[in-house]
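Fold and contact review
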Amino acid sequence: MYERSQQLFEASRRVIPGGVNSPVRAFRAVGGTPVFFREGRGAWLVDADGRRYVDYVGSWGPAILGHADPQVLEAIGEVAARGLSFGAPTELELEMAEFLVKALPSIEQVRLVSSGTEAVMSALRLARGFTGRSLIVKFEGCYHGHSDFLLVKAGSGALTFGNPTSAGVPPELTSQTLVLDYNDPQQAEDAFAKFGEKIAAVVLEPVAGNMNFIRPSQAFVDTLRALCTKHGAVLIFDEVMTGFRVGPQGAQGVFGVKPDLTTLGKVIGGGMPVGAFGGRRDIMAKLAPEGPVYQAGTLSGNPVAVTAGLSTLRRVLAPGFFEALSATTAALVEGLAREARDAGVPFSGTSLGGMFGIFFREALPQTFTEVMQSDKEAFNRFFHAMLARGVYLAPSAFEAGFVSAAHGPAEIEATLAAARDAFRAP
Ligand code: HOZ
């Protein structure tokens, strides 16, 4: 069934470690051979063997309009024809910066980079430079890219492989990272009572999307905001996943919390490599060349990438976009829950905007520990049963799912028909 993918994977393993350029793609969590894709159109992917799938990975978030959107393709074609990269300022990056500053009230100034990892790494250095402190607080199961300080008890691929703290990261570095439990405001209070004067920043996925999908309690985000304000620490919302994905102002809009710095990626590049970090003007002023905190990038603000992002973002902020996307995503999750119930399978699911989580356990998890209690084997069987029926889910029980504006009733119906069988598959 997956002959060409198998051939390509074997060839890839000879020249690429593990045959993939990012670990979670290797299918090790779910078993089997990763599917190689040759094409994407709207909500659909076509694999190397010509099989079609409804896609719920969406390139791990960016493809909010679906794949190969004609307007985005036209826009980047025009810009690409005038040159791919200059390593110098362009009007397009100004347009992108103005767009982000207008869209997100917490952002007074913003700098563009090329990935989410780069954005969070840079925001942390900036927070440390601004406060003159070293300690950072993160939460177990949250993933903020693969920079050294943040690869401690991380989620996503790190969690999938049971190695959430990477080899190659000196203990001297991770000793500067305090890891607390997600959704536990009291623990955060205690940590600040003890280390408050030393904490440079708290970095949070304001909806966790790398240990599957977990909403924060309002008390949790409010407490973090209050503690950072009281102790002079920088509150960083890592909205690489949630920015322009769970709502027009990201998770900060949904929960009504104003972070000091925000990191962005994924949707803001519309499928091209774009990241950004921005926030309070007094903090951003510490960045070189204005201030002493160094940060740079040859491809930062790349005109083609920025154009893909801008033409995506303009559509995402059009009236009614999120209402429609949220309704489609909710219909998917409610439908899956109905099919699971009919098949007698313990299951729960939730969504926000175009992002969702499904769990093989009765009650929705609120914490990392509860996520770990879901039935991973049941997910793996479901994953393969859905794949065989033409539905592509993230190949790990610890990843969130994504729906695009190109998903309509036909795709949802096809998915639910597949699930009807898949929940009953041996
Ligand atoms: N860290 C991404 C998922 N949360 C995976 C990126 C990829 O493999 O493309």
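Residues numbered from 1 in each chain as written. Predicted model: local features only at pLDDT ≥ 70, side-chain atom pairs only at ≥ 80, totals over all residues. Heavy atoms only, no water.

1. Topic: the overall build of the protein
Secondary structure summary: the protein contains 15 helices and 14 strands in total. The C-alpha atoms of the protein give 21 Å as radius of gyration, which agrees with the globular expectation for 426 residues (22 Å, within 12%). Along the three orthogonal principal directions, the C-alpha set of the protein runs to about 55 × 55 × 45 Å. The burial tally for the protein puts 57% of its 426 residues in the buried class. When contacts within the protein are restricted to residue pairs at least 6 apart in sequence, long-range pairs at least 24 apart make up 72% of them. Of the roughly 17,300 Å² that the protein leaves accessible, carbon and sulfur atoms contribute 54%. (Helix = DSSP H or I, 4+ residues; strand = E, 2+ residues; numbered from the N terminus. Rg over C-alpha atoms; globule rule 2.2 N^0.38 Å. Buried < 20%, exposed > 50% of the residue type's maximum accessible area, 1.4 Å probe, protein only. Contact = heavy atoms within 4.5 Å. Areas by Shrake-Rupley, 256 points an atom, 1.4 Å probe, with all protein chains shown as cover.)

2. A short note on helix 14 (residues 376-388)
Owing to its 3.6 residues per turn, the α-helix brings residues three or four apart onto one side. The terminal C-alpha atoms of helix 14 lie 19 Å apart, and with 13 residues this matches the ideal 18 Å at 1.5 Å per residue to within 8%. Taken as a whole, helix 14 has its buried residues at Ala378, Phe379, Asn380, Phe382, Phe383, Ala385, Met386 and Leu387. Against strand 3 (52-55), helix 12 (321-343), strand 12 (355-359), strand 13 (391-392) and helix 15 (409-422) lie the buried residues of helix 14. Of the residues one or two after helix 14, glycine 390 is the one with positive phi, at around 85°. (Expected span 1.5 Å × (residues − 1).)

3. Looking at the nonpolar core
Core analysis: the largest hydrophobic core is formed by 72 residues, its most contacted members being Tyr56, Leu100, Phe244, Ile268 and Phe382. Setting aside residues up to four positions removed in sequence, phenylalanine 382 forms contacts with Leu336, Ile358, Phe360, Leu393, Ala419, Ala422 and Phe423. Counting residues in hydrophobic clusters, the runner-up holds 38 residues, among them Leu204, Ala208, Phe368 and Val371. (Core = buried A, V, L, I, M, F, W, Y, C linked by side-chain atoms within 4.5 Å.)

4. Quick look at the pattern of salt bridges
For the coordinates displayed, the defined rule picks out 9 salt bridges. Between aspartate 282 and arginine 280 there is a salt bridge, with the nearest N and O atoms lying 2.8 Å from each other. Across the salt bridge formed by glutamate 413 and arginine 420, the nearest N and O atoms sit 3.8 Å from each other. Owing to a relative accessible area of 34%, arginine 420 belongs among the partly exposed residues under this scheme. Taken together, the salt bridges that share partners define one network made up of Arg225, Asp260, Arg280 and Asp282. (Salt bridge = Lys/Arg side-chain N within 4 Å of Asp/Glu carboxyl O.)

5. Thoughts on helix 8 (residues 218-231)
In this model helix 8 runs 20 Å from its N-terminal to its C-terminal C-alpha over 14 residues, within 8% of the 20 Å that 1.5 Å per residue would give. All of the buried residues along helix 8 are Phe220, Val221, Thr223, Leu224, Arg225, Leu227, Cys228 and His231. Against strand 5 (135-139), helix 7 (185-195), strand 7 (199-204), strand 8 (234-238) and helix 9 (250-255) lie the buried residues of helix 8. One or two positions beyond helix 8, positive phi appears at glycine 232, with a value near 70°.

6. Digging into the sheet that holds strand 14 (residues 401-402)
Remark on secondary structure: sheet strands pair via backbone hydrogen bonds, oriented parallel or antiparallel. Reading across the sheet, the 3 strands line up as 11-12-14 and stay open at both edges, with antiparallel pairing between neighbours. Two strands in the sheet have a free side with no partner beyond their single neighbour: strand 11 (348-352) and strand 14. Pairing of strand 11 with strand 12 involves 5 bridges; the strand directions are antiparallel. Counterpart to serine 348 in the pairing with strand 12 is phenylalanine 359. (Pairing = 2+ DSSP bridges.)

7. What about the packing of helix 7 against helix 8?
Interhelical geometry of helix 7 versus helix 8 gives an angle of 10° and a closest axis separation of 9 Å. Judged by the angle between their axes, helix 7 and helix 8 are roughly parallel. Seen from above, helix 7 lies across helix 8 with right-handed handedness. Of the residues in helix 8, those in contact with Pro185, Ala188, Glu189 and Phe192 of helix 7 are Ala219, Phe220, Thr223, Leu224, Leu227, Cys228 and His231. Classifying every residue of the contact of helix 7 with helix 8 by side-chain character gives 8 nonpolar, 2 polar and 1 charged. (Axes fitted to C-alpha atoms, helices over the stretch in contact; angles between N-to-C directions. Parallel < 35°, antiparallel > 145°, perpendicular 65-115°, else oblique. Left-handed = near helix turned anticlockwise from the far one by under 90°. Nonpolar A, V, L, I, M, F, W, Y, C, P; charged D, E, K, R; others polar.)

8. Let's talk about the sheet that holds strand 2 (residues 44-47)
If you walk across this open sheet you meet the 4 strands as 1-2-3-13, and the pairing is mixed. Every interior strand has two partners, whereas the edge strands, strand 1 (37-41) and strand 13, have only one. Sheet analysis places strand 1 next to strand 2, joined by 4 bridges and oriented antiparallel. Considered in strand 2, the bridge of arginine 41 is made with tryptophan 44.

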